[in-house]
Amino acid sequence: MPVGVGWQLFGVGWLIVLGVVLVRRGRLAALRRNWTFWAVPPLVVALVGSLAYVGAPVRMRFELSRSSLDHFAKTVSEGTPPGKRHWIGLYPVKYLEGSRRAFGFMIEDTGFFGSYGFAWSPNGEPDIDAPGIYRHFDGPWYIWIDD
């Protein structure tokens with residue numbers, strides 16, 4: 001949430017400075033000469049916003065952690081107790097729930113209004129004795145939303 005407020009303040013500040021430049025006499029020529037200076041910030045904001053909207057940061061972090069996640073899922077499915085984990089890949093683990101058939105873990109400090117994590121279940125929607133909503137993400141992996 002603070003990041004969103006920061007981007008909004010940046011955008012408002014950029015618009016105010018642009019407005020001042022447009023109002024001052026003789027500045028319009030300078031604006032035309034330096035159009036790339038004025039065009040880059042809104043393009044960067046649009047690009048970052050678009051990537052966040054389509055979930056690129058979540059997908060990238062998941063793919064970078066994929067081998068650790070799959071290895072952990074394999075060891076748990078083979079009967080090894082998960083034990084206390086602090087990290088799985090790039091994810092700091094808040095707590096683990098589950099069994100050999102399915103498990104899930106909550107990610108530390110994920111949300112202001114709820115907790116989020118991942119659940120692994122090769123046989124359809126996870127059957128974990130924990131409240132939450134499961135949305136299919138990739139293969140046997142689900143996003144676990146705990147309201």
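Look above for the structure.
My aim in this report is to walk through the structure given alongside it, one point at a time. (Residues numbered from 1 in each chain as written. Predicted model: local features only at pLDDT ≥ 70, side-chain atom pairs only at ≥ 80, totals over all residues. Heavy atoms only, no water.)

## Looking at helix H4 (residues 56-77)
In an α-helix, one turn spans 3.6 residues, which is why side chains three or four residues apart end up on the same side.
Here is step 1: A maximum bend of about 55° is found in H4 at Ser65.
Here is step 2: Where H4 is concerned, the buried positions are Phe62, Ser65, Arg66, Leu69, Phe72, Ala73 and Val76.
Here is step 3: Its buried side turned inward, H4 meets strand E1 (87-88), strand E2 (91-98), strand E3 (103-107), strand E4 (115-120), strand E5 (133-138) and strand E6 (141-146).
Here is step 4: Backbone geometry just after H4 places Gly79 at a positive phi near 105°. (Bend = angle between axes of the 7 residues up to and from the residue. Helix = DSSP H or I, 4+ residues; strand = E, 2+ residues; numbered from the N terminus. Buried < 20%, exposed > 50% of the residue type's maximum accessible area, 1.4 Å probe, protein only. Contact = heavy atoms within 4.5 Å.)

## What about the pattern of salt bridges?
Here is step 1: On inspection of all chains with the given rule, the structure shows six salt bridges.
Here is step 2: With a closest N to O distance of 3.7 Å, Arg59 and Asp138 form a salt bridge. With Arg59 in helix H4 and Asp138 in strand E5, this pair connects stretches of sequence that are 79 residues apart.
Here is step 3: Owing to a relative accessible area of 23%, Asp138 belongs among the partly exposed residues under this scheme.
Here is step 4: In this structure, the salt-bridge partner of Asp138 is Arg66, at a minimum N-O distance of 2.4 Å. Here Asp138 is found in strand E5, whereas its partner Arg66 is found in helix H4, with 72 residues between them in sequence. (Salt bridge = Lys/Arg side-chain N within 4 Å of Asp/Glu carboxyl O.)

## Focus on the environment of Ala46
Here is step 1: Along the chain, Ala46 falls in helix H3 (residues 35-53).
Here is step 2: Expressed as a C-alpha distance, the spacing of Ala46 and Gly19, which sit 27 residues apart in the sequence, is 20 Å.

## Observations concerning the packing of aromatic side chains
Here is step 1: This model, assessed by the stated rule, comprises eleven aromatic pairs.
Here is step 2: Plain terms: the ring middles of Phe62 and Phe118 are 5.2 Å apart, the flat faces sit at 40° to each other, and that makes the pair tilted. With Phe62 in helix H4 and Phe118 in strand E4, this residue pair connects regions lying 56 residues apart in the sequence. Taken as a pair, Phe62 and Phe118 share a single burial class, namely buried. (Phe/Tyr/Trp six-rings, centres within 6.5 Å; stacked < 30°, edge-to-face > 60°.)

## Things to note about the pairing of E6
Here is step 1: The buried count for E6 comes to five of six residues, which makes it a mostly enclosed element.
Here is step 2: Bridging between E4 and E6 involves six bridges; their strand directions are antiparallel. When the bridges of E6 are listed, Ser115 appears paired with Asp146.
Here is step 3: Where E5 meets E6, five bridges bridge the pair, whose relative direction is antiparallel. Bridging from a neighbouring strand, Asp138 pairs with Trp141 of E6.
Here is step 4: Linkage of E5 to E6, two consecutive antiparallel strands, is achieved through a turn of two residues, within which Gly139 is found at a positive phi near 60°. (Pairing = 2+ DSSP bridges.)

## Quick notes on the nonpolar core
Here is step 1: Of all hydrophobic cores here, the largest spans 15 residues; its most connected members are Phe62, Leu69, Tyr91, Phe103, Phe105, Phe118 and Trp141.
Here is step 2: Secondary structure elements with two or more residues in this core: H4, E2, E3 and E4.
Here is step 3: With five residues, H4 is the single largest residue contributor to this core.
Here is step 4: Residues in contact with Leu69, not counting those within four places in the same chain, are Phe62, Ile88, Tyr91, Phe105 and Trp141.
Here is step 5: In this structure, Ala102, Met106, Ile128 and Trp144 belong to the second largest nonpolar core, which totals eight residues. (Core = buried A, V, L, I, M, F, W, Y, C linked by side-chain atoms within 4.5 Å.)

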